[in-house]
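# A look at the structure
One-letter residues, chain by chain:
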Amino acid sequence: MSRHLRNPYFLFLLPLFFVLHVCTENPGLISFRFGFFIFLEFSIIALLISFLFRFIVKDIRKAALIGFFIIAFDIFFGSFQDFLLKHFASNFFVRYIFILPATLVVIILLTIYLKRTKKNFYQACLFLNLLFIVLIAMDLVKLFSFSLEKKEPPFTDISNQFIKCDTCSKPDIYMIITDGYAGDTVLKSYFNYDNSAFKSSLQQRGFHVINNPRSNYNFTVYTIASMFSMDYIQNMDKHKMVTQQDIYLTRDIIKKNNFTEFLYSNGYTIENNSFMSPGGTENRIRLYYFPPKRGLFTSQTFVNRFTRNIGYHFPFYSDLYYRYIKNEEYNNRLMDSLTRKAAATKSEHPRFIFSHLIMPHHPYYYDSLGNRNPYVDSRRDVEDGKKDYIQYLTYCNKRLLDLVDTIISSSQKPPIIILMSDHGYRRFYDKKYNDFQFMTLNTVLFPNRNYSGFYDGMSNVNQLRVLLNSQFGQKLPLLKDSTSLFIEP
């Protein structure tokens, strides 16, 4: 047995451990088939690297050790970098300008040593094989224990509290999310900008403008999941860090939740104009910060970290960035167009039209007059971007008013329109502004103009509870308003 374990099976055991460990950290999120293909991909890469180095060191075990080192460096780089940043944040040795040359030197020295030495490295292969067999066994035990655990739901199912309402008019409902729209307090105190003209224009159209509204979370998918479930999200990262696991948890909540289940049970259809999938509908666009499940494996690798952190210094990455922001601009136009098209289209069933506009969220594509900003300017941050944000917000106000007018004039019967932001402006580096991230825009238009359920300082978690109580005869209790700050790593 030990003779067999002297072979470089660790080239396969390392990717297998990697896949299983990610599965243990994200229980229930990854299918066997998906994990198998990730394992296969990393195994093939490890084999190719080892095959190339075999021509240099002339020995399969030595070449496998080099391949193992390179793949291990890629896989564990995120954890290694996080450790360095935690303990040596401002040290030169944490910077890529040191890490990259140092790693290259280590690979070269390792290759030279393995080429020259006469050692057979049987013991090293045996050790690595046994090490990863033990680690894999531990993760398999964890996965088995997870399968036996009773999983707590991410939100409270309140479907048993729903009341059938045969006399409700069931108008079309438009929910328009304007991403990163700052609240009045932020606009006045931080930007020195008075947004009252926009609010007055909405009120003239019959909208009710909620004073001092707040989001419960400072990230889009967290807010939307909480709103649709009409509850706070349970079982999220206790350290208040944005994690891939939490992102997929919120994605699953958005697919199936209390609000969309209520809509379906009342004969509504859902038209989705967003990168999310409310009620299991197809998402119209894709965004980099709402990645596929592959991100659970790749987010901490060296390739991903390097590209994300300093890739913009390279021409190829800059080209990709420009293509990305052009695509985001196109997405905004597409979502706007689809929303207008929905208003002009007759339907036999009541509809919920969900539109998420990535505006006035950066990049800031236009100035207040609708003139296009150079793409390099749309990347400016913090102080340099304050003026750009207000210019873009002014432009967005005009677009939003025009969109609202189109919906009202084109609808066959008076619709419900919810125009609100998912979170506030959050491009701050100073922690004293953390509370500003929750200050938002929240306005509603009801056909019967009954806005009695809304109150000053209301948070998003109660938004749809008030809607159902006011317009659909429900008697849902309101939750206590609170906020949770999450930090992006």
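Shown above is the structure to which this text applies.
Residues numbered from 1 in each chain as written. Predicted model: local features only at pLDDT ≥ 70, side-chain atom pairs only at ≥ 80, totals over all residues. Heavy atoms only, no water.

### Remarks on unusual backbone geometry
Negative phi characterises most residues that are not glycine, and trans characterises most peptide bonds. Omega for the bond connecting Met359 with Pro360 falls within 30 degrees of zero, at 5°, which places this linkage in the cis form. With respect to the helices and strands, the residue Pro360 is situated in the loop between β4 (351-357) and α14 (382-410). Following His362, the chain continues into Pro363 via a peptide bond in cis, with omega recorded as 0°. Phi is positive for Lys58, close to 65°, though the residue is something other than glycine. (Helix = DSSP H or I, 4+ residues; strand = E, 2+ residues; numbered from the N terminus.)

### A closer look at the environment of Arg426
In this structure, Arg426 sits in the loop between β5 (416-420) and β6 (442-445). Sequence spacing of Arg426 and Ser147 is 279 residues, and the spatial spacing of their C-alpha atoms is 39 Å. A distance of 2.8 Å separates a polar atom in the side chain of Arg426 from the backbone oxygen of Asn218. (Polar contact = N/O pair within 3.5 Å; in protein donor to acceptor, adjacent residues only side chain to side chain.)

### Re the layout of surface pockets
With a probe scaled to a water molecule rolled over the atoms, the places where space remains empty come into view. In this structure, the second largest pocket spans a volume of roughly 790 Å³. Asn26, Pro27, Gly28, Leu29 and Lys151 are the residues nearest the centre of the second largest pocket, which is lined by 30 residues in total. Looking at the lining of the second largest pocket, the elements with two or more residues in it are α1 (10-25), α2 (32-57), α5 (122-148) and α9 (244-255). A class-by-class count of the residues in the lining of the second largest pocket yields 16 nonpolar, eight polar and six charged. (1 Å grid on protein atoms, 1.4 Å probe; cavity = no way out; pocket = protein on both sides within 12 Å on 5 of 7 lines; lining within 4 Å. Points joined across faces, edges and corners; volume = space filled by probe spheres on them. Nonpolar A, V, L, I, M, F, W, Y, C, P; charged D, E, K, R; others polar.)

### Quick word on the environment of Cys23
Inspection of the secondary structure puts Cys23 in helix α1. For the pair formed by Cys23 and Phe297, sequence separation is 274 residues and the distance between their alpha carbons is 9.3 Å. When neighbours within four sequence positions are excluded, Cys23 is seen to be in contact with Ile30 and Leu143. (Contact = heavy atoms within 4.5 Å.)

### Some remarks on the sheet that holds strand β1 (residues 173-178)
Strand order in the open sheet formed by six strands is β2-β6-β5-β1-β4-β3, and the pairing between neighbours is mixed. Looking at strand neighbours, the two that pair on one side only are β2 (208-209) and β3 (269-273), the edges of this open sheet. Direction of pairing for β2 relative to β6: antiparallel, over a ladder of two bridges. Its bridge partner lying in β6, Val209 is registered against Thr443. Packing of helix α15 (residues 463-471) onto the sheet brings it into contact with β1, β5 and β6, and relative to β5 it is tilted by some 160°. (Pairing = 2+ DSSP bridges. Axes fitted to C-alpha atoms, helices over the stretch in contact; angles between N-to-C directions.)

### Details of the state of the cysteines
Applying the stated rule across the entire model yields one disulfide. In this model, Cys165 is linked to Cys168 through a disulfide, with the two sulfur atoms separated by 1.7 Å. Because the sign of the S-S torsion sets the handedness, a value of about 95° for the bond joining Cys165 and Cys168 places this disulfide among the right-handed ones. (Disulfide = S-S within 2.5 Å.)

### Regarding the nonpolar core
Within the largest apolar cluster, 93 residues are counted, with the highest numbers of intra-cluster contacts made by Met175, Phe228, Phe259, Phe352, Tyr389 and Leu419. With 11 residues, the top contributor of residues to this core is α14. Sequence-distant contacts of Tyr389, defined by excluding residues within four places in its chain, comprise Gly180, Tyr181, Ala182, Leu187, Phe191, Pro360, Tyr364 and Tyr425. Ranked by size, the runner-up nonpolar core spans 37 residues in total, among them Phe17, Ile38, Phe39 and Leu296. (Core = buried A, V, L, I, M, F, W, Y, C linked by side-chain atoms within 4.5 Å. Buried < 20%, exposed > 50% of the residue type's maximum accessible area, 1.4 Å probe, protein only.)

### Some thoughts on the packing of helix α3 (residues 60-87) against helix α12 (residues 302-310)
Between α3 and α12, whose axes approach to 7 Å, the crossing angle comes to 55°. What the angle tells us is that α3 and α12 run oblique. Residue-level inspection shows Phe73, Asp74, Phe77, Gly78, Gln81 and Asp82 of α3 in contact with α12, the latter providing Phe302, Val303, Arg305 and Asn309. Considered class by class, the residues forming the contact of α3 with α12 number four nonpolar, three polar and three charged. (Parallel < 35°, antiparallel > 145°, perpendicular 65-115°, else oblique.)

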